[in-house]
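Structural description and commentary
Chain by chain, the residues:
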Amino acid sequence: MLLTLLAALAATAGASAPWYGLTVASRAAGAEVQTRPAAERVITVHQPQAETGGDPRKALDALVVRVNGLLDLPGTTATVGLAQNTNYIDVRHGSAPTGLPVAYRDGFCAHVRLTGDCPQEPSSVAVSADVARRLAVKVGDVLPVRPESAVNGVSLKIVGVYEMVGDYWTDPLFKSQGDLDPAFTTLDTFRQPQLSRPTLAVSLPVPLPLLRGDNLYDLNGVLNAAGPRFAAAQLDLDNPTGALFDAVIADRRTVLTGILVALVQLLVLAWFALGLAGRLTGRDRRADAGLLKLRGATGGGLLRLTAGQHVPPLLIGAAVGLPAGILASRLVAGSLPVRSEWWIALLMAIGAVLAVAAGGLLVLAGMDAIAQRAPVVALLRRVPGVRRDWRSRFVDIALLALAAGAVYQARTGGPTSGLGVAAPALVALAVGLLLARLLRWVTDRAGGAAIRAGRVRVGLTAVQLSRQPGTDRVLALLVVAVALVALTAGGLFADRAERVARADVELGAARVLTVRAESRTQLQNAVWQADPGGRQAMAVVVDTAADPPVLAVDSSRLAAVATWHPEAGPVGALAEAVGGAHLRADPPLVTGRTLDVRVTRDARGPALLGAILQHEGTGEGVRVEFRGLRAGDQQVTAAVPACAVAPGCRFVGWQLFPAAGGLTIRSLASAASTVLDTASLADVSRWHADYLGIAPRVATSSRGLTMAADSRSGTEVRLVDAPVPLPIVVAGERPDQWRFDDAMSGRFGGTATPVRVIAQAQVLPVLGRRGLLTDLDAARRLAGDADLGGTFQVWLAAGAPASLVAALTDGGLTVADDRTSAARATALAAEGRFVTAPFAILTTAIALLVAAAMIGVAAEAGREPRQVMLAALRTQGLSRATASFTGRAGTAALVLTGVAGGLLAALIARPVAAVVATPFPDNWHVIEPPGVLTGAVLALAAAIGLVVLGLAALLATRRGSR
């Protein structure tokens, strides 16, 4: 029955491997497909300069029929469209024509965010928000265009303004080709003769089952074969799935490798256990073989007879293991293989079970064949002979050499190269073998010493461990099983921590919204309005186009919102530097409709003074001109209607126009308050010019700010309302262009801005190991109304309410993307190298059960000789309690030694075999991976080993103790 149990456990592993592998391979491939850009999943076909004959729908239907005849992709739904190049004719300003394609595509209105109406009537059109801004057109205007090579133009009426949404926009034909975005109209518009030769387009989104390769569908082969046919038909076929297909194949290969490694390790362990069980339970078979040899039986006949005894338990175990393996894989995988692969999985499971049973039969028959080579006297003897360990020593040395080779490959070629994948298990086996020999030597001598000292219980227990055949091999098996439990559990916890850490570093916060806003100012103002307390949301701008890349954050909210790692340095360093360097109160905002300035102009001074403002709600730059300045002291008023809209305008600086003389500014006031009084203007530390080039002449006195400029000097003087030099945190090497302390960056307005490094970080959120971290508010103040670009984001803290997103939308932000670190960590867990982790848990659990079953085999095999020995000792006066203790203590000592040895083997294997958290498929290595073996992991492995093996030992010794 114990042999049947061992066979069933091995068969369970064999049956579960293909069933689980096909399930998670499809899942990993699906995850790979979902993470790839949508453009890699859509095949497009173009027919340039197609003649529609005034019936565009008929031409599109004919093209779909031709495409389906040339390329058969089951389950695809074609999306058709057409576009023709036209030029926008600017009749108002008479400027040069600008390329503006006119297009139609099925489902257009369902995949855009529209302001206005969807085009329904002929010659009605929707333009993009970018086109509306650049051409200064709006809903209701007429859009005059002229097709290329056409004499007469076409007038289209704008009925809507669109913004692209989702994965619908994969065909570049329907996006900007360098000039303006296409204007989308109805299909009937293309009935006009001027639009009769468009480019026809068919988009074929490839279904997920085909991309995953379900049912052995060879998508790559089908597409490669279709290429020449499309070329012969004069159709342009764009197949972007090549890289995706290669990635799917790589994922399947990774899954196969991970499952095979875990399965082979377990099967070797299981076959080793079966061979050991055959050796321990072969006493009666050896006696039968001796009697048969006396009667003239041949070696082949003996082998067939003894091998036949193993067939029933192996077949029964295989029959039990097949459904058990399928059920186990269903439990750990969480689902079944795709329906088209059920029969493949079932056939592979049956084949694997038969292979496992055949391997077990070979191992058992081989052990019997070795035993039956002994002389008849040795086969008939009931008492074990004198040990001759040269064979076992040879095997041990061979296994130690194998472990050394695996360690070498793991440390030089990586833990996934060649034999390196089995290095941890082989190191654990080597440690187990050495501990087994050490245990035999120690118990052999300790047992004799204890008996001589009168400690009968200890002595008999030690003698039992040292002299019972197979104890050393059972101990090695226990050590390997417990070590695998520790390493597997540690790897799982480390992998999870690694994925969470990567998700946190890549996103920067628990939830990240990518938004659209008119400016950095609008972004920041919307976040401040939505979260005035500053504990739930933070405005962020990521500029990866800069060199080095820049991450601008609201440093006052960074500690409350961001997910911060120690590698990024002190979280409050930037906020402290910005607050400490900028202690002066900002001037009041301009909130009225007019602005008054008091100036004293020199006789030859300029007649025009400019003031630069920026609206604090939208970020729009406002230029104010104070005209008609005359010589002497005066007050001039200018209208600023844009600043009457809340929250008002921030004063940025002054602008002079070249003149021979200068002027003195004495005050600046709006209808609500004084913006700059004489004392503020007279403070020279409040003003700066451009950081490169020639600055205007600036001086301060008790009268105010005096400025003068000419054709050879600069013209602008800016208010210092942000810390200069700008505090930054640097990750990675300092840029080559920085010399000594002369550090500047061109990403904060103007040609270059002085920066000051206040901390060095190993890693920065989003940017990784290279980049700059600075304060968003300070950076946008220094930039003024300059367009700095970058990706606008809003970081949300964990637990931020859903109403906060609605408040951000009400503040004028448009959410383009919504990601969470939890979802990113889950997506990482679906990759090929991580998706096999549950199977590793299953095989480790089975390995532990195999070790537990071997405790039962060893106890049962040694029960009869042990009972004979104890009975003889009882006749000589050994007490019942001592006999009962001895029956249990030997097995208990074996379990305790095996658990302790397993933990020791895991601790040795971790550094020796370079056991680390699973590396990411893309070799992402921004932060150091977490440790595999922690105190909690070791305690968990010890508890699991003691419970499972201890329970097996208790059941195994219960009968013998009675």
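One can find the structure itself at the top, above this paragraph.
Description of the structure in this document.

**A short note on the packing of aromatic side chains**
As enumerated under the stated definition, the model contains 13 aromatic pairs in all. Aromatic side chains Phe 108 and Trp 169 sit 6.0 Å apart centroid to centroid with 85 degrees between the ring planes, which places their arrangement in the edge-to-face category. Taken together, the residues span a long stretch of sequence, with Phe 108 in the loop between strand E5 (102-105) and strand E6 (112-116) and Trp 169 in the loop between strand E9 (154-164) and strand E10 (183-185) at a distance of 61 residues. Here Phe 108 falls in the buried class, since its relative accessible area comes to 6%. With a centroid separation of 5.7 Å and 90 degrees between ring planes, the pair formed by Phe 920 and Trp 924 is classed as edge-to-face. For the residue pair Phe 920 and Trp 924, the accessibility class agrees, reading buried in each case. Three or more aromatic residues joined by ring pairs form one cluster here, namely Phe 108, Tyr 162, Tyr 168, Trp 169, Phe 174 and Phe 184. One cation-aromatic arrangement involves Arg 105 over Tyr 168; the distance from NZ or CZ to the ring centre is 4.4 Å. Here the basic side chain of Arg 502 rests over the ring of Phe 920, its NZ or CZ set 4.6 Å away from the ring centre.

**Here we look at the pattern of salt bridges**
Scanning all chains against the criterion turns up 26 salt bridges. As a salt-bridge pair, Arg 57 and Asp 106 come within 3.4 Å of each other at their nearest N and O atoms. Of this pair, Arg 57 sits in helix H2 (residues 56-70) while Asp 106 sits in the loop between E5 and E6, and the two are 49 residues apart along the sequence. Relative accessible area serves as the criterion here: at 23%, Asp 106 is assigned to the partly exposed category. Ionic pairing is found between Glu 716 and Arg 623, a salt bridge with its closest N-O pair at 3.7 Å. Placement of the pair is Glu 716 in strand E26 (residues 716-719) and Arg 623 in strand E18 (residues 621-626), with a sequence separation of 93 residues. Residue Glu 716 is classed as partly exposed on the basis of its relative accessible area, which comes to 24%. Among the charged side chains, a network of salt bridges with common partners joins Glu 616, Arg 650, Asp 721, Asp 777, Arg 780 and Arg 781.

**Quick word on the pairing of strand E11 (residues 199-205)**
Remember that side chains alternate between the two faces of the sheet whenever the strand is regular. Burial runs high along E11: six of the seven residues are buried. Here strand E1 (residues 42-47) runs beside E11; their pairing, made up of six bridges, is antiparallel. Residue Val 42 lies in a different strand from E11, and its bridge partner there is Pro 205. Of the pairings in the sheet, the one linking strand E2 (residues 79-84) to E11 comprises five bridges and is antiparallel in character. Following the sheet pairing, Leu 82 is matched in E11 by Leu 200.

**Points about the nonpolar core**
By size, the foremost hydrophobic cluster in this structure holds 96 residues, and its most contacted members are Leu 6, Leu 280, Val 474, Phe 839, Met 854, Leu 933 and Leu 949. The element best represented in this core is helix H14 (residues 471-507), accounting for 16 residues. Setting aside anything within four residues of it in sequence, one finds Phe 839 in contact with Ala 13, Ser 16, Ala 17, Tyr 20, Ile 259, Ala 262 and Leu 263. Among the nonpolar cores identified, the runner-up in size contains 50 residues, and Leu 63, Leu 156, Leu 180 and Phe 245 belong to it.

**Regarding the state of the cysteines**
Inspection of every chain in the model, using the stated rule, returns two disulfides. There is a disulfide in this structure between Cys 109 and Cys 118, and the S-S distance comes to 1.6 Å. Between Cys 109 and Cys 118 the disulfide shows an S-S torsion of about 75 degrees. By sign, it is right-handed. A relative accessible area of 28% means that Cys 109 is categorised as partly exposed. Disulfide partner of Cys 643: Cys 649, at an S-S distance of 2.1 Å. Linking Cys 643 and Cys 649, the disulfide has an S-S dihedral of approximately -100 degrees and is accordingly described as left-handed. The same class applies to Cys 643 and to Cys 649, which are both buried. Sequence-ordered numbering of the bonded cysteines in the protein chain yields a pairing of 1-2, 3-4.

**Considering H2**
When the terminal C-alpha atoms of H2 are compared, their 21 Å separation across 15 residues agrees well with the 21 Å that a helix rising 1.5 Å per residue should span. The complete set of buried residues in H2 reads Pro 56, Ala 59, Leu 60, Leu 63, Val 64, Val 67 and Leu 70. All buried residues of H2 fall inside an arc of 140 degrees around its axis, so they share one side. Of the residues in H2, the exposed ones pointing more than 90 degrees away from the buried face are Lys 58, Val 65 and Gly 69. Residues of H2 that are buried make contact with E1, E2, E11 and helix H5 (219-232).

**Examining the sheet that holds strand E20 (residues 649-656)**
Here we have five strands laid out as an open sheet, ordered E18-E17-E20-E26-E23, and antiparallel in their pairing. Since the sheet does not close on itself, it has two edges, and those belong to E18 and strand E23 (687-688), each with one partner. Where E20 lies against E26, three bridges are found, and the strand directions are antiparallel. Of the residues in E26, the one forming a bridge with Gly 653 is Arg 718.

What counts as what
Think of each chain on its own: its residues are numbered from 1, step by step along the sequence as written. Under the rules for a predicted model, residues below a pLDDT of 70 receive no local features and side-chain atom pairs below 80 are neither given nor counted, while totals for whole chains, interfaces and linings still include all residues. To obtain the side-chain values, all non-hydrogen atoms of the structure were used and water was disregarded. Only the six-membered ring of Trp is used, alongside the rings of Phe and Tyr, when aromatic pairs are assigned; centres must lie within 6.5 Å, and planes under 30 degrees apart are stacked while those over 60 apart are edge-to-face, with the rest tilted. Helix and strand definitions follow DSSP, with helices as H or I runs of at least four residues and strands as E runs of at least two, each counted in order from the N terminus. The rule is simple: take the accessible area with a 1.4 Å probe, protein chains only, and divide by the maximum for that residue type; under 20% is buried, over 50% is exposed, in between is partly exposed. Whether a charge sits over a ring depends on NZ of Lys or CZ of Arg being within 6 Å of the ring centre and within 35 degrees of the ring normal. Salt bridges are counted wherever a side-chain nitrogen of Lys or Arg sits within 4 Å of a carboxyl oxygen of Asp or Glu. Pairing between strands is defined by DSSP: at least two bridges between them are needed. Buried residues of nine kinds, namely Ala, Val, Leu, Ile, Met, Phe, Trp, Tyr and Cys, make up a nonpolar core once their side-chain atoms join them within 4.5 Å. Contacts: residue pairs with any heavy atoms within 4.5 Å of one another. To count as a disulfide, a pair of cysteine sulfur atoms needs to be within 2.5 Å. A helix's residues, less one, multiplied by 1.5 Å, set its expected span. The arc refers to the directions leading from the helix axis to the C-beta atoms.

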